[in-house]
Amino acid sequence: MKVIIVGGVAGGASCAARLRRLDEQAEILMVERGPYVSYANCGLPYHVGNVIEHESDLLVANEELFRRHFAVDCRTGCEAIGISPQDKTVELRDVSTGEVSTEPYDTLVLSPGAASVRPPLPGIDLPGIFQVRTVPDAREIREWIERGSSFLAGMEKYSGFQTVRPAMRAVVVGGGFIGLEMGENLMRRGFDVTVIEMADQVLTPLDPEYGRLVQDFLGLHGVHVVVNDGVAGFAQSDDDSLTVSTQSGASYPADLVILALGVRPDTTLAKMAGIEIGEHGGIRVDEQMHTSDPDIFAVGDAVEVRDFVTGEWSLIALAGPANRQARIAADVIAGRDSRFRGTQGTSIVELFGAAVAWTGANEKTLNRLGDTDYEKIYLYPNSHAGYYPGAKPIAMKVIFRKSDGRLLGAQAVGEDGVDKRIGDLALAIQLGATVYDLEEAELCYSPPFGSAKDPINFAGMVAAGVLRGDMPLCHWDSASDGFLLDVREKAELAVEHVPKAVNIPMGELRARLDELPRDREIHVICRSGQRAYTATRVLLQHGFDAHVVSGGMLSHAILSPS
Ligand code: FAD
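One structure accompanies this document, and this report is about it. These numbers come from a predicted model, not from an experiment.

With respect to the helices, strands and loops of the structure, Asp-371 is situated in the loop between helix H9 (363-368) and strand E23 (374-379). In this structure Asp-371 comes out as buried when scored by relative accessible area, which is 18%. Looking at Asp-371, its side chain comes within polar contact range of the main-chain nitrogen of Asp-373, at 3.0 Å. When residues no more than four places from it in sequence are discounted, the contact partners of Asp-371 are Leu-366 and Arg-401.

Within the secondary structure layout, Gly-49 lies in the loop between helix H2 (44-48) and helix H3 (63-70). For Gly-49, a relative accessible area of 6% corresponds to the buried category. Sequence separation of Gly-49 and Asp-371 is 322 residues, and the distance between their C-alpha atoms is 42 Å. The contacts of Gly-49, once residues within four sequence positions are left out, are Asn-185, Arg-188 and Arg-189.

Counting residues in each nonpolar core, the largest one holds 52 residues, and the members touching the most others are Met-30, Phe-66, Leu-108, Leu-110, Ile-283 and Met-289. By residue number, the principal contributor to this core is helix H8 (residues 319-333), which donates 6 residues. Grouped together as the second largest cluster of nonpolar side chains are 51 residues, Tyr-374, Ala-412, Ile-456 and Leu-539 included.

Here the focus is helix H10 (residues 418-430). Between its first and last C-alpha atoms H10 spans 18 Å; for 13 residues at 1.5 Å apiece the expected length is 18 Å, and the two agree. Within the span of H10, buried status applies to Val-418, Arg-421, Ile-422, Leu-425, Ala-426, Ala-428 and Ile-429. Take H10 and look down its axis: the buried residues cluster within an arc of 165°, on one side only. Residues of H10 that are buried make contact with strand E22 (354-360), strand E24 (394-401), strand E25 (407-414), helix H11 (435-440) and helix H12 (455-468). After H10 finishes, the residue Gly-432 shows a positive phi value of roughly 75°.

Here we take up the pairing of strand E16 (residues 256-259). Along a regular strand, successive side chains alternate from one face of the sheet to the other. Here E16 shows two buried faces, one formed by Leu-256 and Ile-258 and the other by Val-257 and Leu-259. In this structure, strand E9 (residues 129-131) lies alongside E16, joined through 3 bridges in parallel fashion. Its bridge partner lying in E16, Phe-130 is registered against Ile-258. Inspection of the sheet shows strand E10 (residues 168-173) paired to E16 by 4 bridges, in the parallel sense. The residue of E16 that forms the bridge with Val-173 is Leu-259.

Between its terminal C-alpha atoms helix H5 (residues 177-188) stretches 17 Å, which fits the 16 Å expected from 12 residues at 1.5 Å a residue. Once H5 finishes, Gly-190 follows within two positions and takes phi at roughly 95°, a positive value.

The geometry of helix H1 (residues 10-22) relative to H8 is characterised by a closest axis approach of 8 Å and an angle of 35° between their N-to-C directions. Regarding H1 and H8, the two cross each other, and that crossing is right-handed. Residue-level inspection shows Ala-10, Gly-11, Ser-14, Cys-15, Arg-18, Leu-19 and Leu-22 of H1 in contact with H8, the latter providing Ala-322, Asn-323, Ala-326, Arg-327, Ala-329, Ala-330, Asp-331 and Ile-333.

Trans is the common state for peptide bonds, and a negative phi is the common state for residues other than glycine. Despite not being glycine, Lys-88 shows a phi value in the positive range, around 55°. Among the structural elements, Lys-88 can be located in the loop between strand E4 (78-84) and strand E5 (89-94). Even without being glycine, Asp-240 reaches a positive phi, approximately 80°. For Asp-240, the location among the structural elements is in the loop between strand E13 (231-236) and strand E14 (242-246).

Taken as a whole and assessed by the stated rule, the structure comprises 2 aromatic pairs. Ring geometry for Phe-66 and Phe-70: centres 5.6 Å apart, planes at 35°, overall tilted. Linking Phe-66 with Phe-70, this pair stays in helix H3, spanning 4 residues, or about one helical turn. What makes Phe-70 buried here is its relative accessible area of 14%. Taking the ring centre of Trp-313 as reference, the NZ or CZ of Arg-284 above it sits at 3.9 Å. The ring centre of Phe-544 lies 4.0 Å from the NZ or CZ of Arg-518, which sits over that ring.

Criteria and cut-off values
Residues numbered from 1 in each chain as written. Predicted model: local features only at pLDDT ≥ 70, side-chain atom pairs only at ≥ 80, totals over all residues. Heavy atoms only, no water. Helix = DSSP H or I, 4+ residues; strand = E, 2+ residues; numbered from the N terminus. Buried < 20%, exposed > 50% of the residue type's maximum accessible area, 1.4 Å probe, protein only. Polar contact = N/O pair within 3.5 Å; in protein donor to acceptor, adjacent residues only side chain to side chain. Contact = heavy atoms within 4.5 Å. Core = buried A, V, L, I, M, F, W, Y, C linked by side-chain atoms within 4.5 Å. Expected span 1.5 Å × (residues − 1). Arc of directions from axis to C-beta. Pairing = 2+ DSSP bridges. Axes fitted to C-alpha atoms, helices over the stretch in contact; angles between N-to-C directions. Left-handed = near helix turned anticlockwise from the far one by under 90°. Phe/Tyr/Trp six-rings, centres within 6.5 Å; stacked < 30°, edge-to-face > 60°. Lys NZ or Arg CZ within 6 Å of the ring centre and 35° of its normal.

So, in structure tokens, the structure goes:
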């Protein structure tokens, strides 16, 4: 059996290695048009920021390793330029010589990835404007920073006294995770960074309130974030610097521009081969990664996947799914019955010491689909026991089915412990767990790592309390429809208060029940929701129609931006 794999990075390289582990006899040819195979494109922003100092650290494996360890005929600088599904051949071009050859295959695997979106805007090809997709891209950016414009020449290495350091300005176009990672890393290199995002929020897989939370956090760290404005074009000034102009008429000076506008599946070869393309422009595959041609598989950023939660076809360009799909394709080629479960879009991004992570469906998607069978909770647990030094709050939003408690999605932001909580929830979602399962989850605990009631248990307890009717809930958008009862201490009100809310501190509540109406819903507020829950339990047991305002004042701060 001869297997040709097109693309030698995340999906291609994983598929080649897995296939060899399963089948010693297969003849495997892996072609990669770029100069490297199996490199860590996820590390590129950190290489630009000098966190990963050496380019060689990004090269996870090389051609030689694939040949010697895996007996894979691995060719870099080799581009697949055509497929003939009838003859079962691939046309290959040597990138340096231009020589074209034809190779037969029994099975073909496409893992060509995705191309960066590059709209035909005026001036987009000017020097100083970069994308970040490959090792050479990162190298060019680093070289530009170090000696790109005459104005900046040598400043990185300047070692004498410098009373006035020239401002280096970078504009990042696109507020997705790659754009934000680049923004932070350019700040590390001394740039004043502006991120311009056309949507109304950064990190669009988050719900808007979490997008705003991230935007405010970036602002605190000195990143200028502009939303609701698209880039209209680029121009070069007399001193060689750039000006980025936007659709709203604003303009931003820049010494460096990064284009991070997202990616589009690379379907050039698939289209040539007449393979079915899905509604979002990615290669259509089944659960076993077969394309519409039974001898051609496709994996990674180039394919459309089923959203695990909603069942919709979607494009999700992430390394984890690409690697898993590649293993599945290899399994199936080797005769195993593996199947891809779909993608939840589980992601995390590190920003200035904090983490932002999400998994599964967000509220925007559920609303777009007209799905009303869901409830959400906001909670702010500590990352570990509050009495142990270093505990940090995690802002969490968990979305679940109202009808059966099944988990649908989660988002979290915080400076500690975000990764493991979203990781736990991602696995729980994949296993079809409910909020009742979260209540019972047995997780690692000692004070430096968590709490006896871990944030995951806590999320389950709150959500299950809502579903069992122990904790009727309301959200800030409807909170003022009821009688607002604030059970915080008076001192807390001095910091922030809600107009028209009646204050009865929790400790006085039982003695002052006669001040509360029996003919209206009572919406109970505290700082995070915890005291409001206790108060609500008291009120319910005294016959009041009480509801906790989810997430209390902490949610108010993110849901009602000033
Ligand atoms: P790729 O890894 O892009 O590999 C495709 C390869 O195919 C390319 O090298 C290309 O040169 C080659 N190719 C294309 N056409 C041909 C052809 N005709 N002939 C020969 N070769 C061809 N994901 C995460 O999950 N977490 C992260 O933190 C993260 N960070 C990222 C940061 C950056 C800067 C980038 C660019 C991506 C990041 N990703 C991250 C996304 C992740 O890298 C991709 O989802 C993953 O690499 C996709 O794997 P793939 O095999 O589909 O494509």
